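One letter stands for each residue in the lines below.
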There are 2 protein chains.
Amino acid sequence: MLMRPATAAVASQSPRCQVSKSELDINTLVGSMELMGTRISYGRNVEIFGEGEPAEYLYKVVSGSVRSCKLLDDGRCQVTGFHIAGEVFGLELDEEHHFSAEAVNDAVVLVVKRRAIIGLAARDADIARQLWAMTARELQRVQDHMPVLGCMNAKQRVATFLLHMGSSGRNEIELPMSRQDIADYLGLTIETVSRTMTQLESDAAIHLASSRRIVLRNRAALTRLNA
Amino acid sequence: MLMRPATAAVASQSPRCQVSKSELDINTLVGSMELMGTRISYGRNVEIFGEGEPAEYLYKVVSGSVRSCKLLDDGRCQVTGFHIAGEVFGLELDEEHHFSAEAVNDAVVLVVKRRAIIGLAARDADIARQLWAMTARELQRVQDHMPVLGCMNAKQRVATFLLHMGSSGRNEIELPMSRQDIADYLGLTIETVSRTMTQLESDAAIHLASSRRIVLRNRAALTRLNA
DNA sequence: CGGCGCCTTGAACCAAGTCAAGCTCTGTGG
DNA sequence: CCACAGAGCTTGACTTGGTTCAAGGCGCCG
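Report follows, based on the coordinates.

Quick notes on the rules
- Residues numbered from 1 in each chain as written.
- Chains lettered and ligands numbered in written order.
- Predicted model: local features only at pLDDT ≥ 70, side-chain atom pairs only at ≥ 80, totals over all residues.
- Heavy atoms only, no water.
- Near = heavy atom within 4 Å.
- Polar contact = N/O pair within 3.5 Å; in protein donor to acceptor, adjacent residues only side chain to side chain.
- Helix = DSSP H or I, 4+ residues; strand = E, 2+ residues; numbered from the N terminus.
- Phe/Tyr/Trp six-rings, centres within 6.5 Å; stacked < 30°, edge-to-face > 60°.
- Contact = heavy atoms within 4.5 Å.
- Salt bridge = Lys/Arg side-chain N within 4 Å of Asp/Glu carboxyl O.
- Pairing = 2+ DSSP bridges.
- Axes fitted to C-alpha atoms, helices over the stretch in contact; angles between N-to-C directions.

**With respect to the protein's contact with DNA strand C**
Inference 1: Around DNA strand C, a shell composed of 17 residues is seen, among which R179 and T198 of chain A together with A154, T192 and R195 of chain B lie nearest.
Inference 2: Of what DNA strand C places within 4 Å of the protein, 65% of the atoms are sugar or phosphate.
Inference 3: Within the contact set of DNA strand C, a phosphate oxygen lies 3.1 Å away from a side-chain nitrogen or oxygen of R212 of chain A.
Inference 4: In the environment of DNA strand C, a base oxygen lies 2.7 Å from a nitrogen or oxygen atom belonging to the side chain of R195 of chain B.
Inference 5: Counting only elements with at least two residues in the surface near DNA strand C, the list comes to α6 (190-202) of chain A together with α6 (190-202) of chain B.
Inference 6: Here the element with the most residues in the surface near DNA strand C is α6 of chain A; it accounts for four residues.

**Topic: the protein's contact with DNA strand D**
Inference 1: Taken together, 17 residues surround DNA strand D, and among them A154, T192 and R195 of chain A together with R179 and T198 of chain B come closest.
Inference 2: At the protein interface, 63% of the atoms of DNA strand D within 4 Å belong to sugar or phosphate.
Inference 3: Between DNA strand D and T198 of chain B there is a distance of 2.6 Å, counted from a phosphate oxygen to a side-chain nitrogen or oxygen.
Inference 4: Counting only elements with at least two residues in the surface near DNA strand D, the list comes to α6 of chain A together with α6 of chain B.

**With respect to the packing of aromatic side chains**
Inference 1: Tallying each qualifying case throughout the model produces 14 aromatic pairs over all chains.
Inference 2: Clustering of aromatic rings is evident, with ring pairs tying together F49, Y57, Y59, F89 and F99 of chain A.

**Quick notes on the interface of chain A and chain B**
Inference 1: Chain A puts 43 residues into the contact, and the matching count from chain B is 43 residues.
Inference 2: At the surface where chain A touches chain B, the tally comes to two salt bridges.
Inference 3: Salt-bridge contacts for D144 of chain A lead to K70 of chain B; the nearest nitrogen and oxygen are separated by 2.6 Å.
Inference 4: Summed over the shared surface of chain A and chain B, the number is six residue pairs in polar contact (both at pLDDT 80 or more).
Inference 5: Listing elements by their share of the side of chain A that touches chain B, those giving two or more residues are β6 (77-84), α2 (114-123) and α3 (125-151) of chain A.
Inference 6: Of all the elements, α3 of chain A adds the most residues to the side of chain A that touches chain B, at 21 residues.

**A few points about the sheet that holds strand β11 (residues 206-208) of chain B**
Residues and elements named next belong to chain B.
Inference 1: Pairing is antiparallel in the open sheet, where three strands are placed in the order β10-β12-β11. Here the strands that pair on one side only, and so sit at the sheet edges, are β10 (172-174) and β11. Pairs of neighbouring strands in the sheet enclose a mean axial angle of 25°, with direction left out of account.
Inference 2: Note that β11 and strand β12 (residues 213-216) share three bridges and pair antiparallel. Among the inter-strand pairings, H207 is bridged to a residue of β12, identified as V215.

Have a look at this one:
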């Protein structure tokens, strides 16, 4: 979180073409982004943008994963969410970013001028709706995370997190983030996250194939914790 | 939170007039709401809408105050935010509510059909932008609250809350909500909130004129806690 | 093979929760 | 006008879950 190899690099840049309504896929915001965007690579733990910086761009994860976070004066950090391939992040109403974003691991990100998108939205109601939809979806995610931080004990937090990571249906989870990231997301310490995982394993609720590879053995048991 | 006198009452209903672009103030969403809405009164602790219910309406506080919250299976509740006169709440992308709203004290609320607003937004880019702006502002508020829940100790949480309540500049704060509401918002217990307030008073940071009337004596000291 | 991140484990400590009184308003009825 | 009841708030004593501090293990890469 503190070390930043600072190795952001432009991987490729598509021609800055004029986008017209007749283009295929133009009615989807993400479709428009593909046409207008620039791809940039970020190394592990490199900052993509910081709190307070001008919000010049909108971002979409192409590969790897990204964390959004709020940094506190004393150095601690609250991760507000993780973003995986296909997800959009860094969307701001305001002219400046109210949180920062960092690459969880080596990541490629598609970058689009924010003003271009907002301009499109002013003319195309469909784009405007998608802009709203993305913000509303993010709001929902964040709201869903508040009871985790405000009400739950460590076991419930970790269980909720694992169930969320395994929501695709597959029981084998490959965590892209470190224990520190998880701790900062769940409002716990690395030690507590680690201990709780071990505890869930001895409860036979999960299996720790390796520190990043986790198998959900008993989803019902994990869900039951929140009762 | 559990007792609900269930005394919601329609206070007045304005004629359901057809709204046209030529109307005064029509380009502001809140202006449109005034024209299209119905006023409803809710008694203290009465539920305005519940999680899972169809999101048929959009709400604006006329007087009193309202809390949005997420209820957990075990009965505990995480208050995600308070809404005072003039603020809009209950805005959902989805067809159903993902959180519930309750009157903190006797409140009058302006209620507008959600589909009517969304319909307006589809035709008027300005309305669409305001819909987005309201959602983005709410997202920002919720994101700002996450480090409070995830990183701060009791003293920092209460101090942050009081500074926020006193952000208008006046040092005399009249709290509309109970200690239980504050506790559910800050992820603490009533006892801890109470104790912490007492502690802040003996630190000469605040003065407790009564349980609901608080005077900020030393804003700098409250701010300093977060260092 | 050695060094360095990252993760796990242990032991001691402490902030916040729990449980249990008791106090202070406020509204109500005698 | 006072007595009473009840809700809401405060305070105290005790308990506990999670943090802190410290050590050791594991795995990856040079």
